[in-house]
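The lines below spell out each chain.
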Amino acid sequence: MIFQDEQEDQIKAIIYDTKNRCIRLSGLSTKKTIIDPINKDNPDEEEFPPPTKLTVTSFRHIKDQASRSIKNPTKNVEHNVLAIVVKCFPPRYVASLQKRLQELIIIDTRKQTFTNTIWEEGIIEDEGKKLLGQFQEYPIILARRIGVSKYNGTSFTTRFNTIIQINPPYQQCLQLRKWIVENQEMLASFIVRSTSTSGSLISVPVDEEIVPIANVQSQQDGHTFFIEAKISLPSDLKCFYVLICPNCGQEVRSPVRREIHCMNYNQQNMLTPKCRFDVNLQDTSGSIFGMVMGKEG
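These lines cover the structure that appears in this document, whether it is placed above or below. Just so you know, these numbers come straight off a predicted model, no measurement behind them. (Residues numbered from 1 in each chain as written. Predicted model: local features only at pLDDT ≥ 70, side-chain atom pairs only at ≥ 80, totals over all residues. Heavy atoms only, no water.)

## Brief notes about the overall build of the protein
Within the protein, the regular secondary structure consists of 4 helices and 17 strands. A buried classification covers 37% of the 297 residues belonging to the protein. Contacts spanning at least 24 positions in sequence make up 54% of the contacts within the protein whose residues lie at least 6 apart. (Helix = DSSP H or I, 4+ residues; strand = E, 2+ residues; numbered from the N terminus. Buried < 20%, exposed > 50% of the residue type's maximum accessible area, 1.4 Å probe, protein only. Contact = heavy atoms within 4.5 Å.)

Structure below.
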C-alpha cells in the first residue's frame, strides 16, 4: 500500500497483521504501527484534496532508452507509468516456467503502445481480474516500479514490488479520460486489428498510415510505423531462432541448447529457442533488411 499526507509526501507500507491492523512502514525504525479509522461524524472536517504530485516516465523515453541499450535493460531499472489499458487477456500458464502470466496492451496519448506482462500471482488475482472485466471501458492504470524487458520486443514486466492502481485519483487521469473520449473510435479499431481470430495478440500500429521504405531511415528511433512490402528470405539464411534465458529473456550465444545459470534471477535454467530471422522487404520506393522475431515469427 502507498500512504500519502496533505503535503503529498508518500511512503510504502506492508500489512502483516490484518486482525490487529498492524503495518510496517518502509524507512521507519519502528517495527509496527497501529492504524485506526478516522471518525467521519464531523461534517465540517474537510477531506483530503485529490493528489497532484505524480512523476511518471513517458513511453517515448523508455523506447528511446531501449533502442540505445545493447544489453537487456531490465537490470536495476524501474519506472512509474501512467497509461490506458485497451486490451486485457485472460491469464495463461507457462509450462516451462511453471507459473501463470497475464498480458495487457497499454497506450499513451502519443499513440505509443506497450505490452505489459503481469507475473505476480497476487496482481493477477486482484487487479488482473478487475482489468479483465473493465478493459472495454479503457481503464487508466498507474504501474509503480515496473520493469522493462526485451523479451518479445520491448515490453513492460511486473516485479515482486510492482504496484498497479486502477483509475487512480490524480489530475493527470482527467486529461487521459478526455483523450479517450476524443479517440474512442480509433481505440476500438486498434483493438479489433491487434487481436487474431484465435484471441492472441498481434503487433500492429495504432494508425494505419503506410510509410514508404525509402522513408524508413527518417523515422524516429523507437517509433512504431506501418509498411506494405513484399517479403522474402535471404539466400544465406541458416537459422530461424536464437537461444535465450526463459527468465530474463537475455540472448545467449551457444551452438546448442544447454543449461545455464541466470545471473539476473540466480537460477539454473535450460536455454529456450526464440524465433528470430532476417528478411528482405521491398516496395516500389526501395528495399531494406528486416528482422522477424517472437510470436510474429
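So that's the structure; there's more coming.
## Quick look at the pattern of salt bridges
All told, the structure shown has 7 salt bridges when counted by the stated rule. Among the ionic pairs, Glu103 bridges to Arg92, the shortest N-O distance being 3.8 Å. Note that Glu103 is positioned in strand E7 (residues 99–107) and Arg92 in strand E6 (residues 92–94), a separation of 11 residues in sequence. Using a relative accessible area of 39% as the deciding quantity, one classes Arg92 as partly exposed. Within the structure, one salt-bridge network assembled from shared partners comprises Arg100, Glu121, Glu125 and Lys129. (Salt bridge = Lys/Arg side-chain N within 4 Å of Asp/Glu carboxyl O.)

## With respect to the nonpolar core
If you look at the biggest cluster of nonpolar residues, it comprises 20 residues, and the most contacted ones within it are Phe59, Val81, Leu104, Ile106, Ile141 and Phe156. For this core, the elements supplying multiple residues, two or more each, are helix H1 (59–68), strand E5 (79–88), E7, strand E8 (113–118), helix H2 (121–134) and strand E9 (140–149). Beyond its immediate stretch of four places on either side in the chain, Ile141 contacts Val81, Leu82, Ala83, Val85, Leu104, Ile106, Asn116, Leu131, Ile164, Gln165 and Ile166. With 19 residues, the next largest nonpolar core counts Leu54, Ile84, Trp179 and Phe190 among its residues. (Core = buried A, V, L, I, M, F, W, Y, C linked by side-chain atoms within 4.5 Å.)

## Some remarks on the side chain of Asn269
In this structure, Asn269 sits in strand E15 (residues 267–270). Since its relative accessible area comes to 11%, Asn269 is described here as buried.

## Some remarks on the environment of Ala188
If you trace the backbone, Ala188 turns up in helix H4 (residues 184–193). Sequence-wise, Ala188 and Val86 are 102 residues apart; in three dimensions their C-alpha atoms are separated by 8.4 Å.

## Some thoughts on H2
Here H2 spans 19 Å end to end across 14 residues, near enough to the 20 Å set by a 1.5 Å rise per residue. Where H2 bends most, at Gly128, the angle is about 40 degrees. Every buried residue of H2 is listed here: Ile123, Ile124, Glu127, Gly128 and Leu131. Looking at the buried positions of H2, the neighbouring elements they touch are E5, E7, E8, E9 and strand E11 (163–166). (Expected span 1.5 Å × (residues − 1). Bend = angle between axes of the 7 residues up to and from the residue.)

## Some words on the pairing of E15
Relative to E15, strand E14 (residues 259–262) is paired through 4 bridges, and the arrangement is antiparallel. Of the residues in E15, the one forming a bridge with Glu259 is Met270. Counted along the chain from E14 to the antiparallel partner E15, the turn is 4 residues long, and its residue Asn266 has a positive phi close to 55 degrees. (Pairing = 2+ DSSP bridges.)

## As for the environment of Ser218
Mapped onto the fold, Ser218 is located in the loop between H4 and strand E12 (230–232). Classification of Ser218 by relative accessible area gives exposed; the value is 57%. Polar side-chain contacts of Ser218 include one of 2.6 Å to the backbone oxygen of Asn215. (Polar contact = N/O pair within 3.5 Å; in protein donor to acceptor, adjacent residues only side chain to side chain.)

## Observations regarding the packing of helix H3 (residues 171–182) against H4
Direction vectors running N to C along H3 and H4 enclose 75 degrees, while the axes themselves pass 5 Å from each other. Relative to H4, H3 is oriented roughly perpendicular. Of the residues in H4, those touching H3 at Trp179, Ile180, Val181 and Glu182 are Gln184, Met186 and Leu187. Each residue belonging to the contact of H3 with H4 can be placed in one class, and the counts come to 5 nonpolar, 1 polar and 1 charged. (Axes fitted to C-alpha atoms, helices over the stretch in contact; angles between N-to-C directions. Parallel < 35°, antiparallel > 145°, perpendicular 65-115°, else oblique. Nonpolar A, V, L, I, M, F, W, Y, C, P; charged D, E, K, R; others polar.)

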